[in-house]
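Inside the fold
Below are the chains, spelled out letter by letter.
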Amino acid sequence: IEFRYGSSLIPNPGLFYGGEDGAIVGLGLFTQAGDLISAELLSGAASSPQLQTGGLPQPLTGTPAPNTVYRFNPPGTTGLFESDLSHRILAYPNPTHNGLWIRILDANQNAQIPTSMAHIRDLQGRLLMSAALNPTTESAQWIDLRGLSTGVYLLQVEGMGGSMRIVRN
């Protein structure tokens, strides 16, 4: 993902950026309620920013010069297909500390995959763990994630295309 800047006519960055010295530039992962889970943002001078991965978002100082390009390689760009799996399964709590409860939301999908596997992958697509999965529309199944480090992972369920991000904190 690239953020490209052309010429600008911003004489007063503080006034233009709502009291800040510059723009907030980067990628963020949010809950459905709009709460920030994790982010990769730029901070510091617009001419030579640093990558910030945590804490409160810090805006850039100043306006990016014309022809400035900020390039991000976000998670999921490794050939893994990421789609919103949340309309077919419920995985909670997310973010989590110890593990996830997984429940099927669509009875038709459940009928197609009576027993399946849940796979947890890192953001480079490497398989970290798998667990037999047999949840139903009536009950949830626990998957223990205590063996994983804190971070962002992808949950994939066999028989259901795509994946969803999960966060272990």
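Since this is a predicted model, take the numbers as computed values, not measurements.

Quick notes on the environment of A140
Residue placement: A140 occurs in the loop between β10 (127-133) and β11 (141-144). With 39 residues separating them in the primary sequence, A140 and W101 have C-alpha atoms 5.7 Å apart.

Description of the pattern of salt bridges
If the charged atoms of two oppositely charged side chains come close together, the side chains can form a pair. Counted by the stated rule, this structure contains 3 salt bridges. A salt bridge links E2 to R4; the shortest N-O distance between them is 2.6 Å. Across the pair R146 and D144 runs a salt bridge whose closest N-O atoms are separated by 2.7 Å. The exposure class of R146 is exposed, given its relative accessible area of 55%. Among the residues examined, D144 registers a relative accessible area of 31% and is labelled partly exposed.

Focus: the side chain of R168
Considering the arrangement of structural elements, one finds R168 in strand β13 (residues 160-168). Buried charge without a salt bridge: R168, with D144 as the nearest opposite-charge side chain at an N-O distance of 6.6 Å. Looking at R168, its side chain comes within polar contact range of the main-chain oxygen of H97, at 2.8 Å. Polar contacts involving the side chain of R168 include one to the main-chain carbonyl oxygen of L148, which spans 2.7 Å. Those residues in contact with R168 that sit more than four places away from it in its chain are T96, H97, N98, L145, R146, L148, S149, T150, G151 and Y153.

Details of the confidence of the model for the protein
Across the protein, the average pLDDT comes to 78, with 81% of residues at or above 70. In this model residues 75-82 is a low-confidence stretch, pLDDT under 50, and it forms 18 contacts with partners more than four residues away in sequence or in other chains. Per-residue pLDDT stays below 50 along residues 109-113; that stretch engages in 11 contacts with residues further than four places along the chain or on separate chains.

Section: unusual backbone geometry
The step from Y92 to P93 runs through a cis peptide bond, and the omega angle for that step is -10°. Inspection of the secondary structure puts P93 in the loop between β7 (89-92) and β8 (99-104). For the bond running from N94 to P95, omega is 15°, close enough to zero to count as cis. Mapping P95 onto the fold places it in the loop between β7 and β8. In this structure, N67 takes a positive phi of about 70° despite not being glycine. Here N67 falls in the exposed class, since its relative accessible area comes to 71%.

Reading guide: rules and limits
- Here, residues in each chain are numbered from 1, in the same order as that chain's written sequence.
- Side-chain atom pairs in this predicted model are given and counted only at pLDDT of 80 or more, local residue features only at pLDDT of at least 70, and totals for whole chains, interfaces and linings cover all residues.
- In computing side-chain values, all of the structure's heavy atoms are included and hydrogens and water are not.
- Only DSSP runs of H or I reaching four residues or more are called helices, and only runs of E reaching two or more are called strands; each is numbered from the N terminus.
- Salt bridge, as applied in this entry: a Lys or Arg side-chain nitrogen positioned within 4 Å of an Asp or Glu carboxyl oxygen.
- Only protein chains enter the calculation, and the probe is 1.4 Å; a residue is then buried if its accessible area is under 20% of its type maximum, exposed if over 50%, and partly exposed in between.
- In this tally, Asp and Glu contribute negative charge and Lys and Arg positive charge; neither His nor the terminal groups of the chain are included.
- The definition of a polar contact used here is a pair of N or O atoms within 3.5 Å, where within protein one atom must be able to donate a hydrogen and the other to accept one, and adjacent residues in sequence count solely through side-chain atom pairs.
- The contact criterion used throughout is that any non-hydrogen atoms of two residues lie within 4.5 Å.
- Residue-level confidence of the predictor, termed pLDDT, takes values from 0 up to 100.

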